[in-house]
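Listed below are the residues making up each chain.
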Amino acid sequence: MKTPENGAEIVIVTAAYGYQAVKDLGGQTPLLKHIAEAGADGVEIRRELFNEGEVNDLKVLGEKIRQHGLFAFYSVPESLFLEDGKVNPSLESFLIEADSLDARKLKIALGAFVPGEDLTPLKVLLQQHAVELVVENDQTKNGVLHPMNAFFFAAESLHLPVAMTFDMANWLWVGQDALEAANTLREHVSYVHVKAAEQRNGKYHAVALDDSDGSWKPVLDALPRHAPRGIEFPLEGDDLTAVTRHYVELLRKEAKEA
């Protein structure tokens, strides 16, 4: 497996290619070739993009990922805490799936965290699995700075084995300053979703870095250099390997210049 000189591993999020492209290719497995040939280090597998074959045998998918010289992260479109403030009862199943995939990290949204809630059962559950749980700021009311900060303060106090996935653009959707959030939460960040967005007709849309205003650069510079960079902005074009390689090389260059 490749070890980048700058220490920042580059991960490709399969969702960056778009739902329709993944469906047309027959699942996420065919993307591994493009991702590996582009020089990336890892792949973020999305649970919502599984086809029947992939979801039925995660060990096989994990082995194919390793055969391509990549490591895996695993993302589930769920929340850690439900609306009643309790831990999602499906979390254990997600952890088992991540273990089967041999994933390094399991990414999940925060959900309705209630300060003061006893997190000891969560700690016990997480200690039974090798995968690291990483909690992401999403595009909901629960993904804003205050609850995220409160959760990580509580997690740190309890020595909970969790860290943060910092999505650089999701702060725009919730009307908050990404740079302020980066400076506040950086000590908890172990994974970065690199993403830019622009407003069209009053709504934000993710855009490729080359098509953005460049405001993503100071935010990325404020985050830990060692944290893997996940490319989640749109990767589109006739040659998926070439467009992926372009942005892998761009982020490697940015890391060296930081």
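Here, the structure is the one placed above.
A brief structural summary. Values in this document were obtained by computation on a predicted structure and should not be read as measured data.

1. Things to note about the overall build of the protein chain
The helix and strand inventory of the protein chain stands at 11 helices and 10 strands. Relative to the globule expectation of 18 Å for 258 residues, the C-alpha radius of gyration of the protein chain, 17 Å, shows essentially globular dimensions. Summed over its atoms, the accessible surface of the protein chain is roughly 11,700 Å², and 48% of this surface lies on carbon and sulfur atoms. Treating the 25 positive side-chain charges of the protein chain as one cloud and the 40 negative ones as another, the clouds have centres 3 Å apart.

2. Topic: the side chain of Lys195
Of note, Lys195 is situated in the loop between strand E7 (189–194) and strand E8 (196–200). At 3.1 Å, the side chain of Lys195 forms a polar contact with the side chain of Asn170. Excluding anything up to four places from it in sequence, Lys195 contacts Gln139, Asp167, Met168, Ala169, Asn170, Ala206, Glu232 and Phe233.

3. Some words on the nonpolar core
Leu106, Phe151 and Phe166 are the most contacted members of the largest nonpolar core, which totals 80 residues. Formed by 5 residues, the second largest nonpolar core is a distinct cluster that contains Val11, Val13, Phe73 and Tyr191.

4. Overview of the sheet that holds strand E10 (residues 229–231)
Strand order in the closed barrel made by the 8 strands is E1-E2-E3-E4-E5-E6-E7-E10, with parallel pairing throughout. Strand-to-strand twist across the sheet, computed as the mean angle between neighbouring axes with direction ignored, equals 30°. Here 4 bridges tie strand E6 (residues 162–167) to E7, and the two strands are oriented parallel to one another. Residue pairing in the sheet places Met164 in a bridge with Val189 of E7.

5. Thoughts on the environment of Ile45
Note that Ile45 resides in strand E2 (residues 42–46). Sequence separation between Ile45 and Glu254 is 209 residues; the distance between their C-alpha atoms is 25 Å. Those residues in contact with Ile45 that lie beyond four places of it in its chain are Thr14, Gln28, Phe50, Leu61, Ile65, Phe73, Tyr74, Ser75 and Leu101.

6. Considerations on unusual backbone geometry
Even without being a glycine, Asp102 presents a positive backbone phi close to 60°. Position of Asp102 among the secondary structure elements: in the loop between helix H5 (91–101) and strand E4 (103–111). Overall, the relative accessible area of 45% leaves Asp102 in the partly exposed class. Notably, Asn201 is not glycine yet its phi reads approximately 55°, a positive angle. By the secondary structure assignment, Asn201 is in the loop between E8 and strand E9 (203–207). The class of Asn201 is exposed, set by a relative accessible area of 82%.

7. Concerning helix H4 (residues 58–67)
Within H4, the full set of buried residues consists of Leu58, Leu61, Gly62 and Ile65. The buried residues of H4 occupy an angular sector of 100° when projected down its axis, which confines them to one face. Of the exposed residues in H4, those oriented more than 90 degrees away from the buried face are Lys59 and Gln67. Lining the buried residues of H4 we find helix H2 (31–37), E2, helix H3 (52–56), strand E3 (71–81) and H5. Positive backbone phi, approximately 75°, marks Gly69, located one or two places after H4.

8. Examining the packing of aromatic side chains
For the coordinates displayed, the defined rule picks out 10 aromatic pairs. Ring centres of Phe113 and Phe151 lie 5.3 Å apart, and the angle between their planes is 80°; on these two criteria the pair is classed as edge-to-face. On the criterion of sequence distance, the pair formed by Phe113 in the loop between E4 and helix H6 (120–126) and Phe151 in helix H7 (residues 145–157) is long-range, its members being 38 residues apart. Residue Phe113 is classed as buried on the basis of its relative accessible area, which comes to 9%.

9. Considering the pattern of salt bridges
Considering all chains together, one arrives at 15 salt bridges under this definition. Among the salt bridges present, the one from Glu37 reaches Lys33, with a minimum N-O distance of 3.3 Å. Of this pair, Glu37 and Lys33 are both found in helix H2, 4 residues apart, which corresponds to roughly one turn of the helix. Lys33 sits in the partly exposed class, given a relative accessible area of 44%. Between Glu232 and Arg46 there is a salt bridge whose closest N-O contact spans 3.2 Å.

Rules used throughout
Residues numbered from 1 in each chain as written. Predicted model: local features only at pLDDT ≥ 70, side-chain atom pairs only at ≥ 80, totals over all residues. Heavy atoms only, no water. Helix = DSSP H or I, 4+ residues; strand = E, 2+ residues; numbered from the N terminus. Rg over C-alpha atoms; globule rule 2.2 N^0.38 Å. Areas by Shrake-Rupley, 256 points an atom, 1.4 Å probe, with all protein chains shown as cover. Lys, Arg positive; Asp, Glu negative; His and termini not counted. Charge placed at Lys NZ, Arg CZ, Asp CG, Glu CD. Polar contact = N/O pair within 3.5 Å; in protein donor to acceptor, adjacent residues only side chain to side chain. Contact = heavy atoms within 4.5 Å. Core = buried A, V, L, I, M, F, W, Y, C linked by side-chain atoms within 4.5 Å. Buried < 20%, exposed > 50% of the residue type's maximum accessible area, 1.4 Å probe, protein only. Pairing = 2+ DSSP bridges. Axes fitted to C-alpha atoms, helices over the stretch in contact; angles between N-to-C directions. Arc of directions from axis to C-beta. Phe/Tyr/Trp six-rings, centres within 6.5 Å; stacked < 30°, edge-to-face > 60°. Salt bridge = Lys/Arg side-chain N within 4 Å of Asp/Glu carboxyl O.

Geometric descriptors of this kind do not, in isolation, establish any biological role.
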